[in-house]
Amino acid sequence: MNPRSLDQDERQRDLCCARHGDIDQLIIRQHAEVPTPDAPDHVLVKVMASTVTSRDCVIRIKGDPNAKPDPAVPGFHIIGTVHALGAIVDSTTFRVGDRVAALLSEGGGNAKYISLPKKNVILLPENADHEDIICLLANYMAAYQCLKLSKKDGAPLTFANVLITGGSGPVGQALVELALREGAKVYATAHKMHEEHLTKLGAKWFSVKPKKWLPFLEGKMDVVVDSLCLDGYDSSYRALTPDGVLVCNTGNHSALQLQHRNDPGFCMAFDENGINAWWSGVKAKYVWSRAVFYDLNESYEKNPKMFGHELHYLICKLQRGEISPKVAGKVSLNQVPKAQKLIEKGLPNGTVICLPWKKLDPKQRVRVEKLDSSNG
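The shown structure was predicted, so the numbers you read here are calculated from the model rather than taken from an experiment. (Residues numbered from 1 in each chain as written. Predicted model: local features only at pLDDT ≥ 70, side-chain atom pairs only at ≥ 80, totals over all residues. Heavy atoms only, no water.)

**Section: unusual backbone geometry**
No. 1: For the peptide bond that leads from D70 to P71, omega is 10°, which places it in the cis range.
No. 2: With respect to the element layout, P71 can be found in the loop between α1 (54-61) and β4 (77-85).
No. 3: A positive phi angle, near 70°, is found at Y233, a position not held by glycine.
No. 4: For Y233, the position within the fold is in the loop between β11 (221-226) and α6 (234-238). (Helix = DSSP H or I, 4+ residues; strand = E, 2+ residues; numbered from the N terminus.)

The structure is reproduced here in structure tokens:
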């Protein structure tokens, strides 16, 4: 980033959702001080880049309009540098200035700083200074690991028929790119507005509605990666060949799901405690023998060492120009509300990156609340 566009105020600043509702509930909070680690085993990270995603929109929209969302500060992925260490963090493990990344299951990434348990912080290579690395953490890791789960004995997907539902989203586009690079024949479902882009990538476009694509693809797919769960995964499972594999990417939220959140029978984040989501999960986990579940955060929790190793592998591929993340835009904290609204409409083509240290845009009318040390 151009140094002239950086905010020189070292104090904490974040974006907070005051109540469930529309983007007018998002406010900028200017804190009085630079924070310190929240606990002795924490690392304070200076956030260089975080994400703006459909998941942020889901959490803001869903809930009691009189209550504050949890988490209140959006952003579920970050890259940054170590700013300070808690009292019991070994300085041989982390040093001030180290480049790091983190998955934030409890949000908080749209801020200048965040305090995290050291076990949740991923050390990056010293030369990993590219802002687009956030795309790898948020999208390409999920894509890479979903495809890895689909492979038989680790064999490449060369000549395999691969269907990606929700191919226009950031994870969907990463799936399309990685599958094509392995020589797969890729089919992707998306809204009509994304047909041209997906076709240019090399995929065969289909309407997102299962009734539109299933008559052509039923029983023909070696791999289906379903991030939408439009009909309880039924159509995706029916698309499989007799020995095909369905990967249910359960940690993903899409703009399509936001647009159809009031439709009956729609299995998605808005129904996460309902009967549709429960039954879809039961079928895929216990009834269907050729379905597997994937969740990005669970993957890290189960094997942090392997997760870090595979992230480093993707960073190497990025630095060599072997993968090309699509970035829709890079926004300041007070541009995030507008970005969220565009995401709700399915308009951004690629990942939206929040740069917390980018100067606030004077044209954006987002309320700023100044906090003193007693209430911040």
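**Considering the pattern of salt bridges**
No. 1: Going through the model one piece at a time under the given rule, you end up with 21 salt bridges.
No. 2: Of the charged contacts in the structure, one is a salt bridge between K46 and E10, with a shortest N-O distance of 3.9 Å. Separated by 36 residues along the polypeptide, K46 in strand β3 (residues 42-52) and E10 in the segment before β1 (13-17) bring together distant segments of the chain.
No. 3: The closest approach of N and O atoms between D132 and K330, which form a salt bridge, is 3.6 Å. With D132 in the loop between β7 (122-123) and α2 (133-150) and K330 in strand β14 (residues 327-331), this residue pair connects regions lying 198 residues apart in the sequence.
No. 4: Judged by relative accessible area, which is 32%, K330 ranks as partly exposed.
No. 5: When salt bridges with common partners are traced through the structure, they connect D22, R60, K341 and E344 into a single cluster. (Salt bridge = Lys/Arg side-chain N within 4 Å of Asp/Glu carboxyl O. Buried < 20%, exposed > 50% of the residue type's maximum accessible area, 1.4 Å probe, protein only.)

**Quick look at the environment of E131**
No. 1: With respect to the helices, strands and loops of the structure, E131 is situated in the loop between β7 and α2.
No. 2: Relative accessible area serves as the criterion here: at 19%, E131 is assigned to the buried category.
No. 3: Distance in space between the C-alpha atoms of E131 and V247 is 29 Å, their sequence separation being 116 residues.

**Notes on α2**
No. 1: Here α2 is 18 residues long and its end C-alpha atoms lie 24 Å apart, about the 26 Å a rise of 1.5 Å per residue gives.
No. 2: Along α2, the helix axis deviates most sharply at Y140, where the bend reaches about 45°.
No. 3: Of all 18 residues in α2, 15 are buried; the element is thus mostly enclosed. (Expected span 1.5 Å × (residues − 1). Bend = angle between axes of the 7 residues up to and from the residue.)

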